[in-house]
Amino acid sequence: MAISVTQHAHLLASRALGWLHTHRERGALPPGCTAELAEPDTVYKPLGETGLAASLVLREAVAGSTELRLARELLDFGWKQLGGGSMLHERLLRYPMMSDPLETYAHYARCGYRHEPLELLLRHTTSLHSTRAAEVLPNRRLAVANAARISGFDRGEDGDEGPRTGSTGGTDWAGLTAATWLGALPEPWLIDWLTAYSMTHTVFHITDWGRLPERLPDDIVRHVGRWLPVWIDIWAEIGEWDLVAELLIVDNCLPEPLGDAAVWERLAGIQHEDGLMPRDGHPVTGDDQERFAAHHHSTVVAAVAGTLAVSRTLGTR
Amino acid sequence: MVAEHVERAADPGAALAAVRIIGADAFAPALLAGAALHARDAEAVRVALTALPASDHTPPAPPAGPEAAWLMAWRDWGTVTLLTVLTGRDTDGVTAARPTAPTAGGDGADWASWSVRMGQLCTLALPGLDGPVHEAARGAPLGLARGATRATLRRDYPTAARIVRWLAWLRAEGVALPLDPAPLVEHIAQMAAGDRTALDTAIARRLLAGPSAYEPSDRTGT
Amino acid sequence: MLSQTIRPGEISLDTTALGAAMTEPEAPVSDAPVYAPEAGGVLLLLALLSPKEPRDR
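Residues numbered from 1 in each chain as written. Chains lettered and ligands numbered in written order. Predicted model: local features only at pLDDT ≥ 70, side-chain atom pairs only at ≥ 80, totals over all residues. Heavy atoms only, no water.

What follows concerns the overall build of chain B. Counting secondary structure elements, chain B contains 11 helices and 0 strands. In sequence order, the secondary structure elements of chain B are arranged as α-α-α-α-α-α-α-α-α-α-α. A globule of 222 residues ought to have a C-alpha radius of gyration of about 17 Å, and chain B, at 17 Å, matches this closely. Each principal axis of the C-alpha atoms in chain B carries an extent, and together these give about 45 × 45 × 30 Å. By residue count, 54% of the 222 residues in chain B fall in the buried class. In chain B, the proportion of contacts linking residues at least 24 apart, taken out of those at least 6 apart, comes to 74%. (Helix = DSSP H or I, 4+ residues; strand = E, 2+ residues; numbered from the N terminus. Rg over C-alpha atoms; globule rule 2.2 N^0.38 Å. Buried < 20%, exposed > 50% of the residue type's maximum accessible area, 1.4 Å probe, protein only. Contact = heavy atoms within 4.5 Å.)

Written as structure tokens, this is what we have:
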């Protein structure tokens with residue numbers, strides 16, 4: 001059973017990575033793009049997401065040499081698009097309360113891409129109460145906390161006794177977790193689509209994308225273990241492939257992944273030969289640019305899901 | 001109540017069929033609300049059983065055997081058993097052999113189809129009945145809880161109400177559950193339409209209230 | 001008494017129909033939650049409470 005999951009997961013990840021690499025130019029910033037970035041979700045977010053996927057391929061190091069090279073080239077491409085970090089720096093100078101420069105930088109920095117002026121600015125902005133207390137959804141707060149953790153910005157100055165950070169100024173993981181939907185250990189039969197995504201991201205950030213499964217509180221591990229199979233079942237039934245793949249990432253963030261060979265087989269069957277992972281059951285239409293826009297995110301998710309599943313089933317993590 | 005329904009029906013055959021289909025649930029008021037079981041109602045159930053007798057042979061459990069025959073066999077067994085228990089006498093030769101046990105599967109990979117199957121036998125989730133189906137329920141509270149959650153999220157409230165009846169029965173039996181069935185029963189009752197579902201949630205509510213709720217508050221009936 | 005008014009021989013309940021009526025399958029089509037932008041209460045709240053976008057000068 002575990003072997004079968006590994007095979008499907010590896011196929012899913014390697015094909016997805018290939019697609020991301022082949023089409024990387026479609027994620028290039030438009031000419032004349034400034035730090036203002038009028039459309040951050042469509043223009044800038046894909047660079048961050050591809051960076052995330054590539055960084056995890058390198059981190060897990062379970063891929064073959066070809067895939068490692070593709071991942072490295074994706075990071076090189078993305079870093080160049082971001083001006084070697086200068087675009088992120090300019091954006092943070094203009095919008096010091098925004099967290100996307102930190103969240104994007106963290107994945108590149110993890111792989112050795114550094115921009116020193118940006119780091120100095122981040123060290124400053126992440127230490128301020130205003131940025132820490134900005135009004136965002138609880139799972140987004142965890143995203144910022146994890147990005148700070150990856151980048152080494154999660155230690156406050158000595159003696160800083162902020163309202164929620166304690167005397168060391170470090171992150172109050174327990175508090176941030178308790179504020180989430182998942183942290184409430186809620187009724188599993190009342191969950192909507194957006195809440196499902198809040199739940200998946202909560203798990204991603206607490207565990208740093210599966211690197212630290214032991215950071216999940218025991219009661220949350222028990223809760224997810226009980227109900228994850230139900231959530232996977234109902235959303236696989238209606239073809240919500242992007243969400244199903246995220247739920248499988250959640251599985252591989254647990255101390256003991258459940259593994260569901262049938263779902264992995266299904267996802268691998270849905271994925272296109274060229275590696276595109278359809279977002280949902282609707283037909284994949286449009287030209288290459290439209291397909292990129294619609295299915296880039298789900299293909300990133302497939303790459304991450306497959307990579308982490310291979311790691312966990314091989315026992316290398 | 002049941003007898004009147006049959007006697008007044010323009011099509012007594014259809015009315016008797018309805019009684020046969022309701023089966024053991026016809027005894028729910030007696031079992032769960034302390035209502036007296038009138039002799040005429042017991043008689044109506046007996047006639048419904050004899051108009052087409054329960055099957056003699058024991059079909060294998062699905063998926064090996066045909067599900068309709070097996071489900072009917074179990075439902076009839078529940079009806080006959082409770083009729084015997086409640087009337088306290090041999091019911092003029094109306095018998096129903098105990099059918100084959102359900103396949104295992106509550107906590108395995110096929111919890112979803114298993115839980116739906118259990119829901120189809122929720123009429124057995126009543127005081128006074130026990131056997132392999134009940135043992136299967138005791139052995140897989142997580143499978144039932146997952147099944148009830150799945151059905152609720154699919155917005156298939158009739159199925160959810162049937163599966164949650166087992167959870168209510170397990171709670172009454174003192175079995176530890178991975179979720180609290182009370183708010184789920186309320187949720188299904190709020191969301192669902194239809195008499196059958198209303199009956200299932202009403203029975204679930206009574207089961208959750210526990211045996212002390214089964215007695216009538218005042219004994220006016222006989 | 002019911003048995004005096006209806007004799008079993010007069011009624012034949014079709015076993016197939018009865019079996020079918022006793023088999024309650026689950027709903028063949030799921031109505032599980034999907035993306036529903038109109039259900040985004042947070043967005044609506046922000047729209048109600050947040051200031052209007054300033055006019056371009």
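This part is about the environment of S30 of chain C. Tracing the backbone shows S30 of chain C in the loop between α2 (15–22) and α3 (41–49). According to the relative accessible area criterion, S30 of chain C is buried, its value standing at 14%. A C-alpha to C-alpha distance of 25 Å links S30 of chain C and G19 of chain C, two positions 11 residues apart in sequence. Filtering out sequence-adjacent residues up to four positions away, S30 of chain C remains in contact with E237 and I238 of chain A together with R154 of chain B. Within polar-contact distance, the side chain of S30 of chain C engages the backbone nitrogen of A32 of chain C at 3.1 Å. (Polar contact = N/O pair within 3.5 Å; in protein donor to acceptor, adjacent residues only side chain to side chain.)

It is worth spelling out the packing of helix α11 (residues 218–237) of chain A against helix α8 (residues 141–153) of chain B at this point. With their axes 10 Å apart at the nearest point, α11 of chain A and α8 of chain B run at an angle of 35° to one another. When you trace α11 of chain A past α8 of chain B, the crossing you get is right-handed. Contacts from G225, R226, W227, P229, V230, W231, D233, I234 and E237 of chain A of α11 of chain A reach α8 of chain B at L142, A145, R146, T149, R150 and L153 of chain B. Broken down by class, the residue content of the contact of α11 of chain A with α8 of chain B amounts to 8 nonpolar, 2 polar and 5 charged. (Axes fitted to C-alpha atoms, helices over the stretch in contact; angles between N-to-C directions. Left-handed = near helix turned anticlockwise from the far one by under 90°. Nonpolar A, V, L, I, M, F, W, Y, C, P; charged D, E, K, R; others polar.)

In this structure, P63 of chain B follows P62 of chain B across a cis peptide bond, with omega equal to 5°. You can see P63 of chain B is positioned in the loop between α4 (39–51) and α5 (67–87). The backbone of L185 of chain A sits at a positive phi, close to 50°, despite the residue not being glycine. Examined against the element boundaries, L185 of chain A turns out to sit in the loop between α9 (173–178) and α10 (193–206). Its identity as a non-glycine residue notwithstanding, W209 of chain A has a phi of 55°, on the positive side. With respect to the secondary-structure elements, W209 of chain A resides in the loop between α10 and α11.

Bringing the side chain of H187 of chain B into the picture now. Mapped onto the secondary structure, H187 of chain B falls in helix α10 (residues 181–191). Under the relative-accessibility criterion, H187 of chain B is labelled buried at 14%. With residues near it in sequence (within four places) discarded, H187 of chain B still touches W189 and L190 of chain A together with T152 of chain B.

Residue and element names in this part refer to chain B. Domains assigned within chain B are domain 1 (1–99) and domain 2 (101–210). The interface is formed by 21 residues belonging to domain 1 together with 23 residues belonging to domain 2. Buried area between domain 1 and domain 2, both sides added, is near 1,900 Å², and the carbon and sulfur share of it is 68%. Considering only the surface of domain 1 that becomes buried against domain 2, D25, L32 and W74 emerge as the three largest contributors, covering 32% of it. If you look at where domain 1 meets domain 2, you find 3 salt bridges. (Domains from an automatic or database assignment. Buried area = accessible area lost by both parts, 1.4 Å probe. Salt bridge = Lys/Arg side-chain N within 4 Å of Asp/Glu carboxyl O.)

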